[in-house]
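Each chain, written out:
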Amino acid sequence: MEKIVDWAVGQVWSLGLVVFALGAGLFFSIATRFVQIRYFKEMIKLLFEGKSSETGVSSFQAFCMALAGRVGIGNIAGVATAIAFGGPGAVFWMWIMALLGGASAFIESTLAQVYKIKEGNQYRGGTPYFIEKGLKIKWFAALVAIVVTLCYGILVPGIQANTIAVGFENTADIHKSITGIVLVLLLGIIIFGGVKRIANVAEKVVPFMALGYVIVTFILLFANAAEVPAMLSLIITSAFGANELFGGIIGAAIAWGVKRAVFSNVAGVGEGTYSSAAAEVSHPAKQGLVQGFSVYIDTIVVCTATALMILITGMYSVTPEGEEPIVDKMAGIEAGPIWTQEAVESIFPGFGSLFVSIAIFFFAFTTLMAYYYIAETTLVFLDKKLKMNWLKTILKIVFLGMVYFGSVESASLLWALGDLGFGSMAWLNLIAILLLTKPAIKVFKDYETQKRAGLDPVFDPIKVGIKGADFWEEKCKEDSAFNNNKSAG
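Everything quoted here is computed from the prediction, not taken from an experiment.

A. Geometry of the packing of aromatic side chains. Applying the stated criterion to the full structure yields 26 aromatic pairs. Between the aromatic rings of Phe-92 and Trp-93, the centroid separation amounts to 5.3 Å while the plane-to-plane angle is 90°, which identifies the pairing as edge-to-face. In this structure Phe-92 comes out as buried when scored by relative accessible area, which is 13%. Residue classification places Trp-93 among the buried positions, given a relative accessible area of 14%. Between Tyr-129 and Phe-381, the ring centres sit 4.9 Å apart and the planes meet at 70°, which makes this aromatic pair edge-to-face. A residue pair is termed long-range when its members are at least 10 positions apart, and Tyr-129 in helix α8 (residues 127–135) and Phe-381 in helix α18 (residues 352–382) qualify at 252 residues. Taking relative accessible area as the criterion, Phe-381 reaches 5% and is therefore assigned buried. What links up through ring pairs into an aromatic cluster is the set Tyr-39, Phe-106, Phe-444 and Tyr-447.

In structure tokens, the structure reads:
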């Protein structure tokens, strides 16, 4: 089975996807005049502006739900595998992908808000929704929904669970099957409680876990401050083939940097679109900006922290695929969470390994919550005509089963399944948002026009010339009727 999966990954993750992901990010950056840089301060301000309602979550809750999906084991184990196969230079290309990906995240999340719907007492939206309403291509929307449901429900949860299990087995000698059972029980309590419970848990856990990890990293880096400039130089020179040791693997550095950045921050994959659609905001571009900021937190802050810890402490090996090792300091130890554990342990003996295990647990656990929410959202999209509510129960059982399977299965197979899932979704989502660039830019220009006029932007799709934004059209009518009644009274 592993050979078949590896072959499929090779087809999906060809050079074409690497170029496509980088090219799309550059295109959106130019089209928005680098919105991810110009509106950096606005991104932070908007984080705390939107408030939750009975139907929608706040901007901050939606941000935390998206960040829960982004800040996962890609930030710990994923960085290790990028260095293992692409060398230190892969980290630089993760930065580039994050910088350009900020624009992709803005576009896709803005579109998710524009074309969201109200399903019962919840907002629903995401890639299949904006394909159906924006592009009017129902078969494409259904295909994406099926792929996303299979990916988040079956293919990608395993690697998150596996990394938690491996971390605790390495630190506390806890058998992976026991960790798997505990994960299933905890996740079951949360996902059977609905999206509001997921949002509430994410809001409390995500800021705590990210801040705690970064603080420990800065302590480690401060203890080795003299080596930080040399490591940054190593990353940059290796990225362009200027380093003697890693000069011959520039192609691998680019490919693995982009691949692991996509796995980590998922900008352009569409993952952030589902939580973005759930947010209560007055204008779609507001949530687009908030989600653009989450890419920076994920890759520029958390991934860089992990990379510097591994490189400074020397807890890494570099073995390009099909070649002999260039660096072999971690011979016999599979690239993954153990590298990061050993890096922190070397500075904080008796504490480091346990700390990383706990960090992995929070990172991966919150990511699993986000995965389930996305799989449920796309299942709701597929089920909107059949109305077979029992499908949600089946999804919950299958999802929890894959979490247990992932806990006890081999890491190499699970990474391959994850890469297959994210690569497939990236192709489909990037095609969709490129086709919808025109309405996304219209919405952004409307936001900028209102901001220049000193207004708090409010979205009216008819004025902007956007068709298919049914939720917003209805909302404008309701707001107008309310204001008229208020004036008459």
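B. Here's a closer look at the nonpolar core. Judged by nonpolar contacts, the single largest core of 156 residues is most densely connected at Ile-83, Phe-130, Tyr-152, Tyr-316, Phe-399 and Phe-422. The dominant element in this core, judged by the number of residues it contributes, is α18, at 18 residues. Residues contacting Phe-399, with those up to four places away along its chain left out, are Tyr-152, Gly-153, Pro-157, Leu-187, Ile-191, Leu-368, Tyr-371 and Tyr-372.

C. Structural view of the environment of Phe-365. With respect to the helices, strands and loops of the structure, Phe-365 is situated in helix α18. For the pair Phe-365 and Gly-102, spaced 263 residues apart in sequence, the C-alpha to C-alpha distance is 24 Å. Not counting residues within four places of it along the chain, the set of residues in contact with Phe-365 comprises Ile-164, Leu-183, Leu-186, Leu-187, Ile-190 and Ile-360.

D. Unusual backbone geometry, seen in detail. Look at Lys-136: it is not a glycine, yet its phi comes out positive at around 60°. By the element assignment, Lys-136 lies in the loop between α8 and α9 (138–155).

What counts, and at which threshold
Residues numbered from 1 in each chain as written. Predicted model: local features only at pLDDT ≥ 70, side-chain atom pairs only at ≥ 80, totals over all residues. Heavy atoms only, no water. Phe/Tyr/Trp six-rings, centres within 6.5 Å; stacked < 30°, edge-to-face > 60°. Buried < 20%, exposed > 50% of the residue type's maximum accessible area, 1.4 Å probe, protein only. Helix = DSSP H or I, 4+ residues; strand = E, 2+ residues; numbered from the N terminus. Core = buried A, V, L, I, M, F, W, Y, C linked by side-chain atoms within 4.5 Å. Contact = heavy atoms within 4.5 Å.

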